[in-house]
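# Structural description and commentary
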Amino acid sequence: MRRPALAALLLYISMCASSHSQTQVMEEAPIPAAFPFEDTVPLKIVREAVPARPYSVVGPRGAFLGHQDGSFEAWIFPWKIFSDLRMTVEMKDYPVPIDVNQHAAIVEVRPDHTTITFSHANFTIREVLFAPEHAPDGAGVIGFFQIEAVRALKLTVQFTPDMKPMWPAPSDDYVSPDWVKTANGGFYALHLNFPDHAAAVEMPGAQPGILPPYEERAKFYPAQFVLHFDPAQDANKLFPLLLTTADTVGDSRDASLAAKLAALGRALPKLYEETAGYYRDFLSHHLSIETPDQNFNDAFEWAEVAIEQLRVQTTPSHDETALIAGIDVSADSARPGFGWFFGRDALWSLYAVNAYGDFQTTRDEMEFLLKRQGPQGQIMHEWSQTADLVDWKSLPYEFASADATPLLLMAANDYLQISGDLHFLNQHWAEFQEAWNFECSHDSDHDGIYENTAGTGWVESWPAGMPHQEIYLAALDEQASTAFANIAMATGHRDDGEEASKRAAFVAQQIEKEYFLPDADFYAFSRNANGTVDASPTIYPSVADWDGTFHLARPSGMLKRWASEEFSTDWGTRDLSPTVSFYDPISYHQGSVWPLFTGWVSLSEYHYGRTLSGYSHLMQNADLTWAEDLGAVTELLSGEFFRWFGRSTSHQLWSSAMVISPALRGLFGLDWNAANHALTVTPHLPATWNEARLFEVPMGSERVSIGMHRSGTRLIVRLEGEGSKTVQLRSHAAGAMVEGGVLEIPLPTVEVGIAHGLPEAGATTSQMKVIDQQESLRSLRLLLTAPAGSLQTLFVRVNDPKARVRVEGAGLSADSGQLQIPFPPGTGYIEKAVTVSW
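Model, not experiment: these values are computed from the prediction. (Residues numbered from 1 in each chain as written. Predicted model: local features only at pLDDT ≥ 70, side-chain atom pairs only at ≥ 80, totals over all residues. Heavy atoms only, no water.)

Before going further, it helps to examine the overall build of the protein chain. In terms of regular secondary structure, the protein chain is built from 15 helices and 45 strands. The C-alpha radius of gyration computed for the protein chain amounts to 29 Å, which stays within 12% of the reference 28 Å derived for 838 residues, consistent with globular compactness. Summarising its shape, the C-alpha atoms of the protein chain cover approximately 85 × 65 × 60 Å along the three principal directions. Looking at the protein chain residue by residue over its 838 residues, the buried ones come to 61%. Taking all contacts inside the protein chain whose residues are at least 6 apart in sequence as the whole, residues at least 24 apart take part in 67%. (Helix = DSSP H or I, 4+ residues; strand = E, 2+ residues; numbered from the N terminus. Rg over C-alpha atoms; globule rule 2.2 N^0.38 Å. Buried < 20%, exposed > 50% of the residue type's maximum accessible area, 1.4 Å probe, protein only. Contact = heavy atoms within 4.5 Å.)

Here's what the structure looks like:
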């Protein structure tokens, strides 16, 4: 029984022996002169390095995940190659070793690469990391170092070899790093117990550091590269960090690894420019915005980039591409955040992807999910990058959650409305119908609503006991029914469409009947099998308004509480009210703040006309772009203090999507109907904005631009570009008129604007909240809440200079154009009404 393992071991020994005996013919990666690389992608973030904060450099086949002190780990999916790369310097005639990572000064993040600059009186070192968009076989990430120095120095780069497959695939207990000599240096070959997997890491021209002989006592030593830099001779050189993997016995031989490293080194300039070119094209061919708020414009583009960076090719064949849920430093584990494929995470995010026009990513994602559709029609919840290396179906993850099935139908219908791609919907009609049948068949109490019996709804744990049916799932069921009705009608399945439409109406009635609590003026969290409910106040009813096709009948009391300090912190919305006994602001599901929740609530508020609170919540998500992993939005934060969780995935897919969806579908009020060539625009521009433009807005196979600007008491909206000639412009705004292709929307005589900005780290909630907003023909009534004894301000815009403005509950400063709102003394937050009339 042991002979195959023994044979493999003997083969491995002979392979290593033969390769080491031929070091003189090893192909060697070049040390390139500083190729004329330019920062041609203009979008960037430059900040002083904060050592503890993370960064992520991610591409289709790999990732560098590190901290802003410049330390990092390297992944070539699905393998973790090494971790904790760090640097030290010894300088000529300067007998003090320098910890380079302690001198991290500047971090510069661009879509195509990240640069950490280390600054010392004698030297400047730049660590440049990128993930090639079109990486060669076996590769996934590349780095290089630029060095400037006054005196000659010795740079030691050390790391911990790992060579672990991503969770949950089993790992060898030990990786053997062998130094393989080449003519001018060498590389580390990372071998496992068996010869069919290996990796190699090289810094061309470097020599090894510690190489303990076999006879030495067993002890861990880091792998080290030692580079000697002479400023007189090496000033114009780059020092690459090259990594490759092998998945066959032949490719794992040292000579084969050397050849792959050499080819990778020669291709470095080309790969760098290709990746920069890819992101230049990506940003120029997808929807972008131009508003008076440049930070918001940038946050919007960064959200698109953060999503795009999480497109990962499946392994080992690389024949599929799908979205992973997020990524973060794995430290001692083999789990890089949520670096595998999640159904619901991707499907919530496809609303953003559809809206900015990346139809290929949507098709790739849905085909990935449909390929793994369950035997009853259900849609998967999780699929690890190493799922094919284990018995994945025996583990409890694949269909753990029930919401991916209705979300698939919703996202597919959204794709149809924007793209008009009937071919794709017809091609997969049978799979969509199976998903629909699965959703309809899980109703054990016969109330007509999809239940948690097919998996969890939203929460994966709940102190009061796991729900039988959540309003979250019920609301998705209603919208999925409407979505499937649209898909069925569009593809010629009228009977299915009519049945689904009737079911949508019935589910809407049942939600009102079973979930609304008159005494609390709120909707319940969940319903038990015996008909009783869990009345815990949550934000989960907000998903009912996601598609804009279904509106809860009695939301006003709930909207007021969501906007108040009860739910709204200064950095986003809690999912659970602090009035509940098991509220815990640092728990995963019972009181933390998720940008996902904030996005749900923001769009719901826009749909119900609560535009000031909707704007505040949208901007909280946008402002998080600069808070942690620069350019990305984190997974979750404390419900009490402005700080993200230690285990929050710093680059989270749907968090970035919740910058885009509330912006386009809420603030700008976009709604598509590609089949009728109709684009509905119902903007809610902040009072401080005079104009805004949207470029590359998708409409079927065309792209249009939208320009909007104020003109007195009217907002003028125009479509621009060749694609606009066949598009009908519409609006849901009261009194809107379209004439000659120009949309005119009446504006209120007076508008009010609210400032935005995140608090300092560790702060508690103290900002003013707009908890109610009621507009009439000649007045605006606001209900505000703020800390007792505080003085708050709102911006006032008067669109009609002839209007005589009167204010109750605040002072109006004509010079500053601001409302000054004093709140009376007391404790905690206090409510105050302000009425502006004219």
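What follows concerns the sheet that holds strand β41 (residues 791-798). Spatially, β38-β41-β44-β43 is the arrangement adopted by the four strands of the open sheet, whose pairing is antiparallel. Edge positions in the open sheet fall to β38 (750-753) and β43 (811-813), since each of these has one partner strand only. Ignoring strand direction, the axes of neighbouring strands in this sheet form an average angle of 30°. For β38 and β41, the ladder comprises four bridges, and the chain directions are antiparallel. Bridge assignment links Val750 to a residue of β41, and that residue is Val798. (Pairing = 2+ DSSP bridges. Axes fitted to C-alpha atoms, helices over the stretch in contact; angles between N-to-C directions.)

By size, the foremost hydrophobic cluster in this structure holds 239 residues, and its most contacted members are Trp600 and Phe668. Among residues more than four places away in sequence, those in contact with Phe668 are Ile289, Thr291, Ala663, Val681, Thr682, Pro683, Leu685, Trp689, Ala692, Leu694 and Met708. Core analysis: the next-biggest nonpolar cluster, separate from the first, contains 24 residues, Phe35, Val128, Ala189 and Leu268 among them. (Core = buried A, V, L, I, M, F, W, Y, C linked by side-chain atoms within 4.5 Å.)

Now for the sheet that holds strand β42 (residues 806-808). Read from one edge of the open sheet, four strands run β39-β40-β45-β42, paired in antiparallel fashion. Across the chains shown, the open sheet's two edge strands, defined by having one partner strand only, are β39 (769-776) and β42. If you compare each strand with its neighbour and ignore which way they point, the axes differ by 15° on average. Relative to strand β40 (residues 779-787), β39 runs antiparallel, the two sharing seven bridges. By the bridge assignment for β40, Lys769 is matched with Thr785. Contacts between helix α12 (residues 556-563) and the sheet are confined to β39, β40 and β45 (829-837), with β39 contributing the most and set at about 135° to the helix.

At a minimum axis separation of 11 Å, helix α9 (residues 429-441) and helix α10 (residues 471-490) run at an interaxial angle of 150°. Relative to α10, α9 is oriented roughly antiparallel. You can see that α9 and α10 cross each other, and the crossing is left-handed. Across the interface between the two elements, Trp429, Phe432, Gln433, Trp436 and Glu439 of α9 pack against Asp477, Ala480, Ser481, Phe484, Ile487 and Ala488 of α10. Here the contact of α9 with α10 is built from residues that sort into seven nonpolar, two polar and two charged. (Parallel < 35°, antiparallel > 145°, perpendicular 65-115°, else oblique. Left-handed = near helix turned anticlockwise from the far one by under 90°. Nonpolar A, V, L, I, M, F, W, Y, C, P; charged D, E, K, R; others polar.)

Further remarks concern the pattern of salt bridges. With the rule as written, the count across this model stands at 30 salt bridges. Among the salt bridges present, the one from Arg561 reaches Glu566, with a minimum N-O distance of 2.8 Å. Judged by its relative accessible area of 23%, Arg561 falls in the partly exposed class. (Salt bridge = Lys/Arg side-chain N within 4 Å of Asp/Glu carboxyl O.)

This paragraph deals with the environment of Gln433. Within the fold, Gln433 resides in helix α9. Residue classification places Gln433 among the partly exposed positions, given a relative accessible area of 24%. Placed 396 residues apart in sequence, Gln433 and Tyr829 show a C-alpha to C-alpha distance of 50 Å. In this structure, Gln433 is in contact with Phe484 and Asp496, ignoring residues within four places of it in sequence.

This next bit is on the pairing of strand β31 (residues 678-681). Neither face of β31 is exposed, since Ala678 and Thr680 on one face and Leu679 and Val681 on the opposite face are all buried. As paired strands, strand β30 (residues 670-673) and β31 are joined by four bridges and run antiparallel to one another. Within the sheet, the bridge partner assigned to Trp672 lies in β31 and is Leu679. Here β30 hands over to β31 after four residues, with His677 in that stretch at a positive phi of 55°. Strand direction decides the pairing type here: β31 and strand β35 (residues 728-730), joined by three bridges, are parallel. Bridging from a neighbouring strand, Leu679 pairs with Leu729 of β35.

With that out of the way, let us pick up the packing of helix α5 (residues 343-356) against helix α7 (residues 404-419). Direction vectors running N to C along α5 and α7 enclose 10°, while the axes themselves pass 9 Å from each other. It follows from the interaxial angle that α5 and α7 lie roughly parallel. Pair α5 / α7 crosses with left-handed handedness. Across the interface between the two elements, Gly343, Arg344, Leu347, Trp348, Leu350, Tyr351, Asn354 and Ala355 from α5 touch Ala404, Leu407, Leu408, Met410, Ala411, Asp414, Tyr415 and Ile418 from α7. Taken together, the residues of the contact of α5 with α7 sort by class into 12 nonpolar, two polar and two charged.

Attention now goes to the side chain of Ser526. Structurally, Ser526 is set in strand β27 (residues 526-527). Residue contacts for Ser526: discarding those within four places in its chain leaves Pro467, Gln469, Glu470, Ile471, Tyr515, Thr532, Val533 and Asp534.

A separate point is the packing of aromatic side chains. Two numbers describe a pair of aromatic rings. These are the distance of the centres and the angle of the planes. Overall, the coordinates contain 50 aromatic pairs when judged by the stated rule. Here Phe338 and Phe342 contribute two aromatic rings whose centre-to-centre distance is 5.5 Å and whose plane-to-plane angle is 90°, an arrangement assigned as edge-to-face. Seen in terms of ring centroids, Trp340 and Phe342 are 5.5 Å apart; in terms of plane orientation they differ by 35°. Their pairing is tilted. A relative accessible area of 0% places Trp340 in the buried class. Here Arg344 stacks its cationic end above the ring of Trp458, 4.3 Å away from the centre of that ring. The ring of Trp383 has Arg372 lying over it, and the distance from NZ or CZ to the ring centre is 4.9 Å. (Phe/Tyr/Trp six-rings, centres within 6.5 Å; stacked < 30°, edge-to-face > 60°. Lys NZ or Arg CZ within 6 Å of the ring centre and 35° of its normal.)

Here we take up unusual backbone geometry. Here the residue pair Phe77 and Pro78 is connected by a cis peptide bond, since its omega of 5° sits within 30 degrees of zero. On the secondary structure map, Pro78 appears in the loop between β4 (72-76) and β5 (79-91). That bond from Trp167 to Pro168 is cis: its omega, 5°, falls within 30 degrees of zero. By secondary structure assignment, the location of Pro168 is in the loop between β11 (153-165) and β12 (176-181). Although it is not a glycine, Asp84 adopts a positive phi angle of roughly 55°.

Let's shift gears to the pairing of strand β10 (residues 142-149). Of all eight residues making up β10, six are buried, and the element is well covered by its neighbours. Summarising the sheet, strand β9 (residues 123-130) and β10 pair through eight bridges and their orientation is antiparallel. Pairing of Phe130 across the sheet is with Ile142, part of β10. Bridging between β10 and strand β17 (residues 238-246) involves five bridges; their strand directions are antiparallel. Residue pairing across strands places Phe144 opposite Pro240, the latter belonging to β17.

A cluster of acidic residues, Asp137, Asp196, Asp247 and Asp251, forms a negative patch at the surface. Within the secondary structure, Asp137 sits in the loop between β9 and β10. By relative accessible area, Asp137 is classed as exposed at 54%. (Patch = residues over 30% accessible without salt bridge, like charges linked within 9 Å, V, L, I, M, F, W, Y side chains within 5 Å. Areas by Shrake-Rupley, 256 points an atom, 1.4 Å probe, with all protein chains shown as cover. Lys, Arg positive; Asp, Glu negative; His and termini not counted. Charge placed at Lys NZ, Arg CZ, Asp CG, Glu CD.)

Residues at a pLDDT of 70 or more form 97% of the protein chain, whose mean pLDDT is 94. Confidence drops under pLDDT 50 across residues 1-25; counting only partners more than four residues distant or on other chains, this segment forms 28 contacts. (pLDDT = per-residue confidence, 0-100.)

All right, on to the environment of Pro97 then. When you line up the elements, Pro97 lands in strand β6 (residues 94-99). Sequence spacing of Pro97 and Lys154 is 57 residues, and the spatial spacing of their C-alpha atoms is 9.8 Å.

Before going further, it helps to spend a moment on helix α13 (residues 595-607). Since the α-helix advances by 3.6 residues per turn, residues separated by three or four positions end up pointing in the same direction. Under the 1.5 Å per step criterion, the end-to-end length of α13 is 18 Å for 13 residues, consistent within 8% with the ideal 18 Å. Taking burial as the measure, the 13 residues of α13 include 12 buried ones, the bulk of the element. Positive backbone phi, approximately 80°, marks Gly609, located one or two places after α13. (Expected span 1.5 Å × (residues − 1).)

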